[in-house]
Amino acid sequence: MDSVDRISDMPDDILAHILSFLSIKEAVHTCVLSKKWRNIWCYMPVLEFDFKRFYQDQTAASFGEVLQRCEVKFVPFVRGVLQNQEARLDKFKLQWYMPCTFDTTKSVAEVILDGIKFKPRVFSVNFCRCYIQDFDLYPIFTCASLEDVTLELMGDFIAPNSVNLPNLKRLKIRLEKIDDDIIDKIFLGCPSIEEMSLFESHLCTSRISSNRLKKLVVDNCYIDEERWLDISTPSLLHLEIAYKSGLHSISSENLTSLTNACIDLQLPRGSKQATADDLIVLNCLSNATSLALRIQESKESVVKINEKIKGDNSNHPSFPKLKYLRVEWCMDYFGFDLIAFFLQHSPELQKLTIELHDYIKNVTKKSSDLEEPKDVFLQRDHLETVMIVRSKLEESKKIADRLVNSLNAHVNTIGEIITKIEFSILRL
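Keep in mind that what you see is a predicted model, and the values were worked out from it rather than measured.

Novice: So, the overall build of the chain: which residues are in play, and what are the values?
Specialist: In terms of regular secondary structure, the chain is built from ten helices and 19 strands. Here the chain holds 428 residues, and 48% of them are scored as buried. Residue pairs at least 24 apart in sequence account for 65% of intrachain contacts in the chain once pairs closer than 6 positions are excluded. Accessible area for the chain stands at about 20800 Å²; split by element, carbon and sulfur atoms hold 49% of it.

This is how it looks when you write it as structure tokens:
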């Protein structure tokens, strides 16, 4: 029986969609299969160009030679694919990680703007902007088709005079500096925005204010110690915050719709601002039903936080709607007081997950030295599930056992206690 090429009998748009799951080079190479396939790649709805992957395909005597070859070949390759593109794009993505010359920067900027001409719905650019401030990227901020945008533009970014993205729903940006001017123009020119992510940037903005925003992520950013960031987002459902510094400088009194939050409390060791005031961010989360909390503070800060936890309850944050809590921290620093704090202030809590870390270089106590909380613990009636995630270290097992004993002593009934062992949960 003769073999039948059923794949080639599929409609061209289906074949073009299938090619979108291949790399650009692999998709282009399908043109040699038959006449049917000669131009299918020109109709792909998704184009993703990754300089790193292009670089890995090169062979040369030195890194400098490889980089030079890529500068010479990568941009012409991208331009050639775009020149042959026959269909409107659903997604355009370009990843450029390396410093480059003025001429190469100009060429990359040009192909980025060529990509935006195809009116994609999803647009993602990671670009090391050595000289990009000399080029006009305004068309990116006025493309009405865009719904999902990721911009990683490192360097002296010059904000556009205005932003007009009427259909944009999701925005993820990484800039050297994000100030009030950029934030205000985004919210003014993006009336449909629902999700915003700011990451690995210096935040010089004093406010994030939007009645439409439903998800906000501030990841690994830096904020000046003397600056306050006010978050006013009454429609926000999901909040993620992880600061390099300045977490104490976040305030919000308008998160009335918030249900899910993920907070990473971290400060450099020896920071002058490592105080109990870091807990102020928790005051914003009283309406959350699900909370993930990661703590990686300096020891000095933890001592002060513990003092505050054990102090006057009148100023403590409360979590009357919290049902699911995940805490990731070093038991060596906190003892059991942090768990006690949440059990005391979360009357509706159902599921508790505790991930224990082993800070090898900083361990000063053994499990036998950890004091159980006394007055701070209120007797609870019930918890449905407790999961404890620990490492294989013997000391981690002992601490987990002590934690289980303490929970059993202060909770009348626990539906299920699960201990999960991971290969390594080390924080050096």
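Read on for the rest.
Novice: I'd like a description of the side chain of Ser20, backed by residues and values.
Specialist: As for its placement among the helices and strands, Ser20 is situated in the loop between helix 1 (12–19) and helix 2 (24–29). Since its relative accessible area comes to 16%, Ser20 is described here as buried. A distance of 3.1 Å separates a polar atom in the side chain of Ser20 from the backbone oxygen of Ala16. Once residues lying within four places of it in the same chain are set aside, the contact partners of Ser20 are Met44, Pro45 and Val46.

Novice: Account for empty space enclosed by the protein, with residues named and values stated.
Specialist: Overall, the coordinates contain two cavities of 30 Å³ or more when judged by the stated rule. Quantified by volume, the largest cavity comes out at close to 150 Å³. Lining the largest cavity are 17 residues, with Phe141, Leu151, Leu171, Ile173 and Ile186 sitting closest to its centre. Listed by contribution, the elements that provide at least two residues to the lining of the largest cavity are strand 4 (148–154), strand 5 (170–175) and helix 6 (180–189). Here the residues of the lining of the largest cavity are counted per class, giving 16 nonpolar, no polar and one charged.

Novice: Which residues make up the nonpolar core, and what are the values?
Specialist: If you look at the biggest cluster of nonpolar residues, it comprises 105 residues, and the most contacted ones within it are Phe123, Met196 and Leu285. Those residues in contact with Met196 that sit more than four places away from it in its chain are Leu171, Ile183, Ile186, Phe187, Leu213, Lys215, Leu216 and Val217.

Novice: Quick rundown of the pattern of salt bridges? Include the residues and the values.
Specialist: For the structure shown, the criterion picks out 15 salt bridges. Among the salt bridges present, the one from Arg174 reaches Glu200, with a minimum N-O distance of 3.2 Å. A residue pair is termed long-range when its members are at least 10 positions apart, and Arg174 in strand 5 and Glu200 in the loop between strand 7 (195–199) and strand 8 (202–204) qualify at 26 residues. Glu200 gets classed as partly exposed once you look at its relative accessible area, which sits at 37%. Among the salt bridges present, the one from Lys185 reaches Asp181, with a minimum N-O distance of 3.3 Å. Taken together, the residues span about one helical turn, with Lys185 and Asp181 both in helix 6 at a distance of four residues. A single network of salt bridges, built from pairs that share partners, joins Glu152, Arg174 and Glu200.

Novice: Explain helix 1 residue by residue, including any values.
Specialist: Among all positions in helix 1, only Leu15, Ala16 and Leu19 are buried. When helix 1 is viewed along its axis, its buried side chains cluster within an angular range of 100° and face the same direction. In the core, the buried residues of helix 1 are packed alongside helix 2.

Novice: With reference to specific residues and values, describe the packing of aromatic side chains.
Specialist: If you walk through the whole model with that rule in mind, you get eight aromatic pairs. Their ring planes at 50° and their centres at 5.5 Å tell us that Phe74 and Trp96 sit as a pair that is tilted. Placement of Phe74 in helix 4 (residues 63–84) and of Trp96 in strand 2 (residues 91–96) is noted, with a sequence separation of 22 residues between them. A relative accessible area of 3% places Phe74 in the buried class. Note on Phe92 and Phe123: the rings are 5.7 Å apart at their centroids and 15° apart in plane angle, and the pair reads as stacked. Of this pair, Phe92 sits in strand 2 while Phe123 sits in strand 3 (residues 122–128), and the two are 31 residues apart along the sequence. With respect to class, Phe92 is no different from Phe123; both count as buried.

Novice: Before we move on, could you go through the layout of surface pockets and cite the residues and values that matter?
Specialist: By volume, the second largest pocket amounts to about 370 Å³. Looking at the lining of the second largest pocket, the elements with two or more residues in it are helix 2, strand 1 (46–50), helix 3 (51–56), helix 4 and strand 2. The element best represented in the lining of the second largest pocket is strand 1, accounting for five residues. Each residue belonging to the lining of the second largest pocket can be placed in one class, and the counts come to eleven nonpolar, three polar and seven charged.

Novice: Summarise the pairing of strand 17 (residues 351–356); cite the residues concerned and give the values.
Specialist: Across the six residues that make up strand 17, a large majority, five, are buried. Relative to strand 18 (residues 380–390), strand 17 is paired through five bridges, and the arrangement is parallel. Considered in strand 18, the bridge of Leu352 is made with Val386.

Novice: Describe helix 9 (residues 337–345), and please don't skip the residues or the numbers.
Specialist: In terms of residue burial, helix 9 counts as a mostly covered element, since nine of its nine residues are buried. Here helix 9 has its buried residues at Asp337, Leu338, Ile339, Ala340, Phe341, Phe342, Leu343, Gln344 and His345.

Procedures and definitions
Residues numbered from 1 in each chain as written. Predicted model: local features only at pLDDT ≥ 70, side-chain atom pairs only at ≥ 80, totals over all residues. Heavy atoms only, no water. Helix = DSSP H or I, 4+ residues; strand = E, 2+ residues; numbered from the N terminus. Buried < 20%, exposed > 50% of the residue type's maximum accessible area, 1.4 Å probe, protein only. Contact = heavy atoms within 4.5 Å. Areas by Shrake-Rupley, 256 points an atom, 1.4 Å probe, with all protein chains shown as cover. Polar contact = N/O pair within 3.5 Å; in protein donor to acceptor, adjacent residues only side chain to side chain. 1 Å grid on protein atoms, 1.4 Å probe; cavity = no way out; pocket = protein on both sides within 12 Å on 5 of 7 lines; lining within 4 Å. Points joined across faces, edges and corners; volume = space filled by probe spheres on them. Nonpolar A, V, L, I, M, F, W, Y, C, P; charged D, E, K, R; others polar. Core = buried A, V, L, I, M, F, W, Y, C linked by side-chain atoms within 4.5 Å. Salt bridge = Lys/Arg side-chain N within 4 Å of Asp/Glu carboxyl O. Arc of directions from axis to C-beta. Phe/Tyr/Trp six-rings, centres within 6.5 Å; stacked < 30°, edge-to-face > 60°. Pairing = 2+ DSSP bridges.

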